[in-house]
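# Remarks on the overall topology
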Amino acid sequence: MGRRAKNKQGDPESLQELSERPSPKKLGKRKAGINLPQPAKKSKHKDSPQSDDSWNSAEDDGSGGWEGIQDEDTLPAQTRSLFQDSDTSTGDTSDADTDENEDEDAPITASNFAARSRALDARTAREAQLDAEELQMAAQVDADEFDGVEDMDDDEEEVDVPGTEDVILPTAEERAEEKRSGGPEVHVVQKRMRECVRILKRWKASGAKTGRARSEFVEQLVSDIASYYGYNDFLTEKLFQLFPVAEALEFFDANEVPRPVTIRTNTLRTRRRDLAQALINRGVNLEPIGKWTNVGLQVFESSIPIGATPEYLSGHYMLQAASSFLPVIALSPQPHERVLDMASAPGGKTTHMAALMQNTGIIFANDSNKARTKSLTANVHRLGCKNVVVCSYDGREFPKVMGGFDRVLLDAPCSGTGVISKDAGVKINKTERDFALLSHLQKQLILCAIDSINPASKTGGYLVYSTCSVSVDENEAVVDYALRKRPNAHLVDAGLEFGRPGFPSYRGKSFHASIKLTRRFYPHVHNMDGFFVAKFKVTRRAKQAKQDSEEKNDILMDDVAPEDVQFDEREDEEYIQEAKRRRLKAKGLRVLPRNQARAAT
Amino acid sequence: MRPLAEDETKAVFEKLANYIGKNVVHLVDRQDDAHCFRLHKGRVYYVSEASMRLSISVARPNLLSLGTCLGKFSKSGKFKLHITSLDYLAQYAKYKVWVKPNGEMPFLYGNHVLKAHLGRITEDTPEHQGVVVYSMNDVPLGFGVTSKSTVDTRKLDPTAIVVFHQADVGEYLRDEDTLF
């Protein structure tokens, strides 16, 4: 029996059995069902672990279960008598055998006290044993499926592996056939995925026995995932490679489930306790998100639309995913600072920063998309942030518009592979080219962000780079690029107590050693959107480094015999033009094609 | 972005004085942090001088908002207060009206305040006076103009209008596209 099933009521017994039993007690109680002899149940279960489903269904169709009974009048006379019986009996909550029941019905006296406590002890021990058995059973079932623990004994595998692997892995022709007939059936795919994962997980121990190559299993699994969850092949492969095999399946599973609705208290207007109270009075069921934030609330269910309450309209809270708290917590802007939010719409993080800065200093909230700045401005005003300047530039223009910021938040535009549960469109409409374009844009933006920071800032000099994507080329690769291009930027600890460290190397690429200071968040691990946070400290550009390189140049010059070096202006002209073109292009400005440019000059 | 001209200043202050009376002085002479009024694309912004100086470096077409937007000038040169000015109006309001919980939602949907929904009202409120509307737990919801003086409201029947609606926080959702 699974843990969940155990917490529910026991399985119902037929009316026949009930009536035959000598003295049925307190059948109205929820636990009554467990009264039937336990061993029989257990043995039946051991025979077939699959019987879980039939059990549950028996419980759920209220006709057999006692939960379904609403009204005494509608009950058959037989059952009603049972109820009346239970009403008259003094309330005991035992679910043990009948002889014990009789014993317990008697009032507690000094004489039977010891005996009763012994009986109670015996019962607890029995229950504990049953629990333990169940746990073991559940673990076995899990292991049989895909979430197994590594310490499974090997002999068992040998028993069930050889029988199945030939069946589950179709040949190329079979697969082509499947495709032609409109894809295999869902449950077939599901079973095959589980089998593949199971085999791949213990490849070292049992893989050789299958007689197939590991890559065949991987290929089959990836194509099954693509068809089962509806991803395009490219994205499936990309996401699949991020995780160990079993975890990958969990990740894809988690993407099908919506994340919890969370709100952030606007500390400029109210306190979390007051807000929680006000919302509870309106019939919202909520609870603090976790220990790591003191402004977040998680909404379980609500009888009213959570985005249109008077509290929402007067700016007491903001609807915001839990993951969006993280970059602001990492940035931790201080009062009286100058802060830039490079891609800020719809303003969740901007207003969070304003709240942390207590409406002092200044925040530049930038977003390149003018249409989205409307909601940004609306949120800024609704939440009462008075230190925010909203502007609409391409983020890459930034050090030129304005520099010298104490802190910069770059929540870069990304593919959104972390928020597939929110926007399932990502599954099919992202291609290799999108990823290439996005990571290119991100690399440009991160350099601009670093250049906008004032390295001499007394309180800050920090950049936080974040994306709602889990892919490596939008995260670690971009950070690594920034570290290489800007030697005055270093990664520092993000100040987030959970999350997984970034990948120090990935598929043959190895990144900067400090990349493990970045943090990754996954839907299946942290129950929030997939997210990535990296925090940089920008220092002054070291002059020493420049001198070193000059010295090196000197040495090189010494080696080469000094020639009569002269400038050839006509030859240089071409190079100068080319360099100018490249500089303009890097800024994102449009340049004339080469031949036209030459004609113009 | 530019400072207000004289007639514009007059129009703005007249509107503000309708709600906060002589407290307008507190907006102009602030003890903590010097603030100023700026006109940008027909809208009037109330912003700290430090913020204003820094935002000068943002080009006109790219600057969308700074500080708090108080309202905008219509094409005919009249000034209209926006709901975004509620923070300052509520802070300095002279005359206040509280609506009962059952009147909150109707007001937030843009309806006038009825006598039946009136929870409390400042004594000696004159007729046609700008008032700030609060919920019973003192959360500002919007502002409007009284239809009758406090004394006269006593005689009204429950369905009569007490406060004419001018702006409410529901506009953040309803008019997000036109407001900014």
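Residues numbered from 1 in each chain as written. Chains lettered and ligands numbered in written order. Predicted model: local features only at pLDDT ≥ 70, side-chain atom pairs only at ≥ 80, totals over all residues. Heavy atoms only, no water.

## A look at the overall build of chain B
Helix and strand counts for chain B stand at eight helices and eleven strands. Taken over the C-alpha trace, chain B has a radius of gyration of 17 Å; the compact-globule value for 180 residues is 16 Å, and the two agree within 12%. Principal-axis analysis of the C-alpha atoms places the extent of chain B at approximately 55 × 35 × 35 Å. Relative to all contacts within chain B whose residues are 6 or more apart in sequence, the contacts with residues 24 or more apart total 57%. Accessible area for chain B stands at about 8600 Å²; split by element, carbon and sulfur atoms hold 53% of it. The averaged location of the 21 negative side-chain charges in chain B is 3 Å from the averaged location of its 23 positive side-chain charges. (Helix = DSSP H or I, 4+ residues; strand = E, 2+ residues; numbered from the N terminus. Rg over C-alpha atoms; globule rule 2.2 N^0.38 Å. Contact = heavy atoms within 4.5 Å. Areas by Shrake-Rupley, 256 points an atom, 1.4 Å probe, with all protein chains shown as cover. Lys, Arg positive; Asp, Glu negative; His and termini not counted. Charge placed at Lys NZ, Arg CZ, Asp CG, Glu CD.)

## Description of the sheet that holds strand S4 (residues 317-319) of chain A
Residues and elements named next belong to chain A. Across the sheet, which stays open at both edges, the four strands sit in the order S2-S3-S1-S4 with antiparallel pairing between neighbours. The open sheet has two edge strands, strand S2 (284-288) and S4, and neither has a second partner. Across the sheet, the mean angle separating the axes of adjacent strands is 35° when strand polarity is ignored. Of the strand pairs in this sheet, S2 and strand S3 (residues 296-302) are connected by five bridges, and their pairing is antiparallel. The residue bridging Val-284 from the neighbouring strand is Ser-302, located in S3. Its contacts with the sheet put helix H15 (residues 272-281) on strand S1 (261-265), S2, S3 and S4, and the angle it makes with S2 is roughly 155°. (Pairing = 2+ DSSP bridges. Axes fitted to C-alpha atoms, helices over the stretch in contact; angles between N-to-C directions.)

## Considerations on the confidence of the model for chain B
Predicted coordinates in regions of low pLDDT should not be interpreted in detail. Across chain B, the average pLDDT comes to 94, with 100% of residues at or above 70. ipTM for the predicted complex: 0.96, alongside a pTM of 0.72. (pLDDT = per-residue confidence, 0-100.)

## Some remarks on unusual backbone geometry
Negative phi characterises most residues that are not glycine, and trans characterises most peptide bonds. Cis geometry marks the peptide bond from Ala345(A) to Pro346(A), where omega comes out at 0°. For Pro346(A), the location among the structural elements is in the loop between strand S5 (338-341) and helix H18 (348-356). Residues other than glycine seldom take positive phi values, yet Arg507(A) does so here, at roughly 45°. Within the secondary structure, Arg507(A) sits in the loop between strand S12 (505-506) and strand S13 (509-510). One non-glycine residue, Asp138(B), adopts positive backbone phi at about 65°. Residue Asp138(B) is classed as partly exposed on the basis of its relative accessible area of 47%. (Buried < 20%, exposed > 50% of the residue type's maximum accessible area, 1.4 Å probe, protein only.)

## Focus: helix H12 (residues 214-229) of chain A
Residue and element names in this part refer to chain A. The terminal C-alpha atoms of H12 lie 22 Å apart, and with 16 residues this matches the ideal 22 Å at 1.5 Å per residue to within 8%. Residues of H12 that are buried: Phe-217, Gln-220, Leu-221, Val-222, Asp-224, Ile-225, Ala-226 and Tyr-229. One or two positions beyond H12, positive phi appears at Gly-230, with a value near 80°. (Expected span 1.5 Å × (residues − 1).)

## Here we look at the pairing of strand S6 (residues 96-99) of chain B
Residues and elements named next belong to chain B. Direction of pairing for S6 relative to strand S9 (residues 130-135): parallel, over a ladder of four bridges. Following the sheet pairing, Val-99 is matched in S9 by Ser-135. As paired elements, S6 and strand S8 (residues 118-121) share three bridges and run antiparallel to each other. Bridging across to S8, Val-99 finds its partner in Leu-118.

## Notes on helix H11 (residues 203-210) of chain A
All names here are of chain A. Of all the positions in H11, only Trp-203, Ser-206, Gly-207 and Thr-210 are classed as buried. Down the axis, H11 shows its buried residues gathered within 120° of arc, on one side only. In this structure, H11 carries Lys-204 and Ala-208 as exposed residues pointing more than 90 degrees from its buried face. Remark: Gly-211 follows H11 within two positions and exhibits a positive phi of approximately 75°. (Arc of directions from axis to C-beta.)

## Remarks on the interface of chain A and chain B
In this complex, chain A contributes 32 residues to the contact, which on the side of chain B involves 30 residues. When the buried surface of chain A facing chain B is broken down by residue, Leu313(A), His381(A) and Lys386(A) rank first, second and third, together holding 25% of it. Summed over the shared surface of chain A and chain B, the result is three salt bridges. Taken together, chain A and chain B are joined by twelve residue pairs in polar contact (both at pLDDT 80 or more). Elements supplying a minimum of two residues to the side of chain A that touches chain B: helix H16 (310-313), strand S6 (362-366), helix H19 (370-382) and strand S7 (388-391) of chain A. Examining the composition of the side of chain A that touches chain B, we find that eight residues originate from one element, H19(A), more than from any other. Partitioning the side of chain A that touches chain B into residue classes produces 15 nonpolar, ten polar and seven charged. Of the strand pairs in this sheet, S7(A) and strand S3 (residues 63-66) of chain B are connected by three bridges, and their pairing is antiparallel. (Buried area = accessible area lost by both parts, 1.4 Å probe. Salt bridge = Lys/Arg side-chain N within 4 Å of Asp/Glu carboxyl O. Polar contact = N/O pair within 3.5 Å; in protein donor to acceptor, adjacent residues only side chain to side chain. Nonpolar A, V, L, I, M, F, W, Y, C, P; charged D, E, K, R; others polar.)

## Notes on the packing of aromatic side chains
All names here are of chain A. Across all of its chains, the model carries 23 aromatic pairs over all chains by this definition. Ring plane angle 80° and centroid distance 5.0 Å describe the contact between Tyr-231 and Phe-252, whose orientation is recorded as edge-to-face. Taken together, the residues Tyr-231 in the loop between H12 and helix H13 (233-240) and Phe-252 in helix H14 (residues 245-254) connect sequence positions 21 residues apart. Each member of the pair, Tyr-231 as well as Phe-252, is classed as buried. Residues Tyr-465 and Phe-532 carry aromatic rings whose centres are separated by 6.4 Å and whose planes lie at 70° to one another, so their mutual orientation is edge-to-face. Of the two residues, Tyr-465 sits in strand S9 (residues 462-467) while Phe-532 sits in strand S15 (residues 531-538), which places them 67 residues apart along the sequence. (Phe/Tyr/Trp six-rings, centres within 6.5 Å; stacked < 30°, edge-to-face > 60°.)

## A short note on the pattern of salt bridges
Evaluation of the coordinates by the stated rule reveals 24 salt bridges over all chains. Here Glu256(A) makes a salt bridge to Lys427(A), at a shortest N to O gap of 3.0 Å. With Glu256(A) in the loop between H14 and S1 and Lys427(A) in helix H21 (residues 426-429), this residue pair connects regions lying 171 residues apart in the sequence. Shared partners join several salt bridges into a network, and the residues in it are Arg269(A), Lys386(A) and Asp87(B).

## What to know about the confidence of the model for chain A
Residue and element names in this part refer to chain A. Summing up the model confidence of chain A, the mean pLDDT is 77 and the portion of residues at 70 or higher is 69%. Overall, residues 1-8 carries pLDDT values under 50, and its contacts beyond four positions in sequence, including any with other chains, amount to 18 contacts. Per-residue pLDDT stays below 50 along residues 144-166; that stretch engages in 34 contacts with residues further than four places along the chain or on separate chains.

## What about the sheet that holds strand S4 (residues 68-73) of chain B?
All names here are of chain B. Here four strands make up an open sheet; going across it, the order is S1-S2-S4-S5 and the pairing antiparallel. Both outer strands of the open sheet, strand S1 (35-40) and strand S5 (79-81), are each paired with one neighbouring strand and no more. Each strand axis lies, on average, 30° off the axis of its neighbour in the sheet, ignoring direction. This element, helix H1 (residues 6-20), spans S1, strand S2 (43-48), S4 and S5 of the sheet and lies at about 35° to S5.

## Some points on a negative patch on the surface
A surface patch of negative charge is lined by Asp568(A), Glu569(A), Glu571(A), Glu573(A) and Glu574(A). Here Asp568(A) lies in the loop between helix H25 (543-559) and helix H26 (569-586). (Patch = residues over 30% accessible without salt bridge, like charges linked within 9 Å, V, L, I, M, F, W, Y side chains within 5 Å.)

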